[in-house]
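Per-entry structural report
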Amino acid sequence: MTMTTTTARAPIVAGHPLLGSMSDLLNDPLAAYLRARRDHGDVVRFRAGPPGLRSDIYAVFSAEGAQQVLATQAANFRKDNVFYEELRQSVGNGLLTSQDDVYLRQRRLVQPLFTRRRVNGYAHQVAEEAVALAAGWREVPGETVELVGEMHRFALHVVGRILFGTDVDKAFEVIERTLPPLQEYSLRRGFSPVKAPRTWPTPANRRAARLQAELRALCDGIIDSRRDRDDRDDLVTLLVHAENAEDGSLDADELREQVLIFLLAGHETTATALAFALHLLARHPEEQRRVRDEVDRVLGGPGGRAPTAEDMEALPYLTMVLKEAMRLYPSAPVIGRRSVADAEVDGVRIPAGADLLVSPWVTQRHPGYWPDPERFDPTRFTPEAEAGRPRYAWFPFGGGPRACIGQHLSMLESVLGLAVLLREFEFEDVGVGEVAVGAGITLMAKGPAMARVAPRG
């Protein structure tokens, strides 16, 4: 795109004289982004690092700008930044991290596994896992639970059954022990202006290599167990046998990388949505009663029938609650890109080669789209209200050609899981207050999200 002299330049966010904005971006990036939008506008430039090693990061906070980056100018904004490269080296070149022809080929092979009809077929597994969780909670009436941890375990059980079939117990232990430290390692390397090559035998590199090898061995064993059979409907079996005339099939490395990406993205995003929806409902009992009344009408109250995929349309207020929770606590609070050529985003010049981010965390709190943005209000998501806002005022699943392939699966799991839990329990706030969060590869709770679960009926 040819730049004109009238194109604005992004204002620079004031930072430390020596380190620029590095400390703010390392210690509390979400707060730094909110301040930057408030003080400088919808497109800003952070300068981070010491002199000689300083880098610029452009941040776009408007819905219109997010749409340009993710959709209308998506070809110019690629997943070439340092954070995606670190993640690519940790968990492979799967759908989340791949690009160009590799991505397109993978997407064509994997897309049939995520059709609405096939995903709806997993509803009974979601319901069974939610009922099992409820049964465990009923054994200790009035127990105070930590919602983030509980929902992570629930989501891992669900994604384990959908991905692995019966191989869940072995998978859980390995996943819970390896994925979190690998994510932390990747993020730390992404922020570091100077880092040792991964091949150097530093303690951090050696530990990461051990974790990678263990995770890969788990995935390879599961994949190998599916090669000689096609009579199961878990996603690994379907991946092993996925092929088409144009793209062939996935080789061993590609299969492993897709499984790793599904593990990473398939449980953390859903767990975050579930945990914070319950946290918010515990703090807003009037909204909880309204949702429960809707669930009781559809499913029949405590001990009622299991929900199905067809019930999702009959639970509109529960879906609105979930969307509002995802507005306030998006699982992917920041999405990074790098520009290929000079571009203009929301009237501001973005130079070629620039690192750039859009932020659901900020855009979904933008007062231009969300009056009183910190207030929990599910009625923001009535059909009429949604129609009156820009498309990218709410984008927790990303957008454009790289939108999350599993978003319908995540919504199905979240709506049906919440329906079962809210039918069986009342969630009571225990006075912990707001849950501190931080931005890793996904949104991370820095403290407990506690609630008392009281059985109904």
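Now for the overall build of the protein. Counting its secondary structure elements, the protein contains 17 helices and 14 strands. Relative to the compact-globule value of 23 Å for 457 residues, the protein shows a C-alpha radius of gyration of 22 Å, a close match. Principal-axis analysis of the C-alpha atoms gives the protein an extent of 65 × 55 × 45 Å. Per-residue burial over the protein gives 54% buried out of 457 residues. Long-range contacts, defined as pairs at least 24 residues apart, comprise 73% of the intrachain contacts of the protein with a sequence gap of at least 6. For the protein, the computed accessible surface area is about 19,200 Å², with 53% contributed by carbon and sulfur atoms. The averaged location of the 62 negative side-chain charges in the protein is 4 Å from the averaged location of its 55 positive side-chain charges.

Chain-level statistics for the protein give a pLDDT mean of 88 and a share of 95% at 70 or above. Segment residues 1-5: pLDDT under 50, and eight contacts once partners within four positions in sequence are set aside and those in other chains are kept.

Among all positions of helix H5 (residues 100-110), only Tyr-103, Gln-106, Leu-109 and Val-110 are buried. Along H5, the residues classed as buried sweep out an arc of 135 degrees about the axis, all on the same side.

Let us now look at helix H7 (residues 123-138). For H7, built from 16 residues, the straight-helix expectation of 22 Å at 1.5 Å per residue is met to within 8% by its first-to-last C-alpha distance of 23 Å. Buried residues along H7 sit against helix H6 (116-120), strand E4 (144-146), helix H8 (147-164), helix H17 (407-424), strand E11 (425-429) and strand E14 (450-455).

Turning our attention to the layout of surface pockets. The volume enclosed by the second largest pocket comes to roughly 610 Å³. Along its surface, the second largest pocket is lined by 32 residues, and Pro-180, Glu-268, Thr-442, Leu-443 and Met-444 are the ones closest to its centre. Take the lining of the second largest pocket: its biggest share by element is eight residues, from helix H9 (residues 168-191). Here the lining of the second largest pocket is built from residues that sort into 18 nonpolar, nine polar and five charged.

Moving on, we come to the side chain of Glu-294. Relative to the helices and strands, Glu-294 resides in helix H13 (residues 285-299). The side chain of Glu-294 is buried and forms no salt bridge, while Arg-297, the nearest opposite charge, is found at 4.9 Å. There is a polar contact of 2.9 Å between the side chain of Glu-294 and the backbone nitrogen of Tyr-317. Every residue in contact with Glu-294, bar those within four places of it in the chain, is listed here: Ala-314, Leu-315, Pro-316, Tyr-317 and Leu-318.

What follows is about the nonpolar core. Generally speaking, a soluble globular protein has its nonpolar side chains buried in company with each other. Among the nonpolar cores identified, the biggest contains 144 residues, and Phe-46, Phe-114, Trp-137, Met-151, Phe-164, Leu-318 and Phe-427 are the most heavily contacted of them. In terms of residue count, the dominant contributor to this core is helix H12 (residues 252-283) (17 residues). When near neighbours in sequence (up to four residues on either side) are disregarded, Met-151 contacts Leu-133, Trp-137, Ala-271, Leu-274, Ala-275, Leu-278 and Leu-421.

What counts and what doesn't
- Residues numbered from 1 in each chain as written.
- Predicted model: local features only at pLDDT ≥ 70, side-chain atom pairs only at ≥ 80, totals over all residues.
- Heavy atoms only, no water.
- Helix = DSSP H or I, 4+ residues; strand = E, 2+ residues; numbered from the N terminus.
- Rg over C-alpha atoms; globule rule 2.2 N^0.38 Å.
- Buried < 20%, exposed > 50% of the residue type's maximum accessible area, 1.4 Å probe, protein only.
- Contact = heavy atoms within 4.5 Å.
- Areas by Shrake-Rupley, 256 points an atom, 1.4 Å probe, with all protein chains shown as cover.
- Lys, Arg positive; Asp, Glu negative; His and termini not counted.
- Charge placed at Lys NZ, Arg CZ, Asp CG, Glu CD.
- pLDDT = per-residue confidence, 0-100.
- Arc of directions from axis to C-beta.
- Expected span 1.5 Å × (residues − 1).
- 1 Å grid on protein atoms, 1.4 Å probe; cavity = no way out; pocket = protein on both sides within 12 Å on 5 of 7 lines; lining within 4 Å.
- Points joined across faces, edges and corners; volume = space filled by probe spheres on them.
- Nonpolar A, V, L, I, M, F, W, Y, C, P; charged D, E, K, R; others polar.
- Salt bridge = Lys/Arg side-chain N within 4 Å of Asp/Glu carboxyl O.
- Polar contact = N/O pair within 3.5 Å; in protein donor to acceptor, adjacent residues only side chain to side chain.
- Core = buried A, V, L, I, M, F, W, Y, C linked by side-chain atoms within 4.5 Å.

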